[in-house]
Amino acid sequence: MKFETIALNDLDGIKHLQPPGWPDIVPVFEFYVKKDFCYPIKIKLDGKIVGIGTAVIFHKTGWLAHIIVDKDYRNRGIGSAIVNELLRITKSESVETNLLIATELGFPVYKKAGFEIISEYYHFKREKPWNGYAVSPNISNFRNDYYSMIIEMDNNISGEEREILLKEYAHDSLIYLENNILKGFYIPKLGGGLIFADTNHAGLELMKLKYSKADTAVLPSDNFSGISFLKENGFVQTSTIGIRMVLGKNINWKPEKVYSRIAGNLG
């Protein structure tokens with residue numbers, strides 16, 4: 001199969017691939033096209049785009065994301081071909097760890113490619129009104145002198161070097177401080193609103209701020225305190241489960257410190 005790089009003028013041509021229940025894929029692929037750390041690819045058959053996918057690369061780690069095949073062209077090996085091509089790209093960029101979050105539909109394809117399960121993400125939706133909390137006095141707007149601390153905390157919790165992604169959004173973050181020491185941060189404009197925290201208290205206080213407005217949530221299954229908080233505040237777990245998988249060298253990821261993920265394409 002022949003692969004080509006997705007360009008801005010392809011965006012209209014991928015709309016028909018929109019999976020039900022997913023956020024709009026067009027703005028996401030526009031992001032991929034414009035970022036030099038993203039490698040969006042397509043397959044065309046019968047004059048139209050029938051398969052797409054992206055590799056997002058952060059130094060030694062890479063994410064395979066938005067691998068979608070036209071429903072009329074499934075069971076022809078297109079999904080596997082896209083995965084193999086993305087893995088070829090990550091290998092050429094010296095990636096040691098390949099990561100993804102699998103749906104039920106994509107799981108068999110990724111397992112066949114050699115990916116292994118390492119964790120799960122649980123999805124929640126609000127069914128009862130918000131209890132209401134005062135904003136913690138320890139939460140403040142971003143300050144430049146905390147930028148390097150945010151990047152360091154992200155490295156420690158994600159196990160990845162993602163400054164190339166965070167630098168565009170970190171200046172809009174909210175930070176949780178104790179004695180002028182960063183204990184957690186919340187970046188509302190990055191995906192679903194990333195929350196990382198070194199302490200449970202900081203994480204929950206930032207969750208109170210985020211979920212005073214949000215009606216859906218996704219947390220790693222390992223964050224027991226965050227899950228309990230959601231259930232105690234009107235959220236119920238849905239049947240959707242994201243499966244985090246890895247191929248290659250595992251990383252020192254700390255899911256218990258993830259109080260809100262970025263999105264399914266980045267963990």
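Small disclaimer: the values here were computed from a predicted structure and weren't measured. (Residues numbered from 1 in each chain as written. Predicted model: local features only at pLDDT ≥ 70, side-chain atom pairs only at ≥ 80, totals over all residues. Heavy atoms only, no water.)

(A) The pairing of strand 2 (residues 38–45), seen in detail. Pairing analysis gives 2 bridges linking strand 1 (residues 4–5) to strand 2, with the strands arranged antiparallel. Counterpart to glutamate 4 in the pairing with strand 2 is lysine 42. Strand direction decides the pairing type here: strand 2 and strand 3 (residues 48–58), joined by 8 bridges, are antiparallel. When the sheet's bridge partners are listed, lysine 42 is paired in strand 3 with isoleucine 52. (Pairing = 2+ DSSP bridges. Helix = DSSP H or I, 4+ residues; strand = E, 2+ residues; numbered from the N terminus.)

(B) Focus on the sheet that holds strand 4 (residues 61–69). Taken in spatial order, the 8 strands line up as 1-2-3-4-5-12-6-11 in an open sheet, and their pairing is mixed. The open sheet has two free edges, formed respectively by strand 1 and strand 11 (216–220), since each of these has just one partner strand. Along the sheet, helix 2 (residues 78–92) contacts strand 2, strand 3, strand 4, strand 5 (97–102) and strand 12 (235–248); its crossing angle with strand 4, the most-contacted strand, is approximately 155°. (Contact = heavy atoms within 4.5 Å. Axes fitted to C-alpha atoms, helices over the stretch in contact; angles between N-to-C directions.)

(C) Representation of the packing of aromatic side chains in the model. Enumeration over the complete set of coordinates arrives at 11 aromatic pairs. Judged by centre distance (5.2 Å) and plane angle (85°), the rings of phenylalanine 29 and tyrosine 32 are edge-to-face. With a gap of 3 residues between them, phenylalanine 29 and tyrosine 32 both fall in helix 1 (residues 25–34), about one helical turn apart. For the pair phenylalanine 29 and tyrosine 32, one class covers both residues: buried. Ring plane angle 80° and centroid distance 5.6 Å describe the contact between tyrosine 211 and phenylalanine 235, whose orientation is recorded as edge-to-face. Highlighted residues: tyrosine 211 in the loop between helix 6 (200–210) and strand 11 and phenylalanine 235 in strand 12, separated in sequence by 24 residues. Of the two residues, tyrosine 211 and phenylalanine 235, neither departs from the other in class, the shared state being buried. (Phe/Tyr/Trp six-rings, centres within 6.5 Å; stacked < 30°, edge-to-face > 60°. Buried < 20%, exposed > 50% of the residue type's maximum accessible area, 1.4 Å probe, protein only.)

(D) Summary view of the environment of threonine 5. Looking at where threonine 5 falls in the secondary structure, it is placed in strand 1. Here threonine 5 falls in the exposed class, since its relative accessible area comes to 59%. Counting along the chain gives 155 residues from threonine 5 to glutamate 160, while the straight-line C-alpha distance between them is 25 Å. In contact with threonine 5, other than residues within four places in its own chain, are Asp10, Pro40, Ile41 and Lys42.

(E) Summary view of helix 4 (residues 147–158). Over its 12 residues, helix 4 extends 16 Å from the first C-alpha to the last, a length consistent with the 16 Å expected when each residue adds 1.5 Å. Tyr147, Ile150, Ile151, Met153, Asp154, Ile157 and Ser158 are the residues of helix 4 that are buried. Buried positions in helix 4, seen along its axis, are confined to an arc of 165° and lie on one side of it. If you follow the buried residues of helix 4, they end up packed against helix 5 (163–166), strand 8 (174–178), strand 9 (181–187), strand 10 (194–197) and strand 13 (258–260). Among the residues trailing helix 4, glycine 159 stands out with phi positive, at a value near 75°. (Expected span 1.5 Å × (residues − 1). Arc of directions from axis to C-beta.)

(F) A look at the pattern of salt bridges. Scanning the model with the defined rule gives 12 salt bridges in all. Residues aspartate 198 and lysine 257 are paired through a salt bridge, measuring 3.4 Å at the closest nitrogen-oxygen approach. Highlighted residues: aspartate 198 in the loop between strand 10 and helix 6 and lysine 257 in the loop between strand 12 and strand 13, separated in sequence by 59 residues. Salt-bridge contacts for glutamate 205 lead to lysine 208; the nearest nitrogen and oxygen are separated by 2.9 Å. Of this pair, glutamate 205 and lysine 208 both sit in helix 6, 3 residues apart, which is roughly one turn of the helix. (Salt bridge = Lys/Arg side-chain N within 4 Å of Asp/Glu carboxyl O.)

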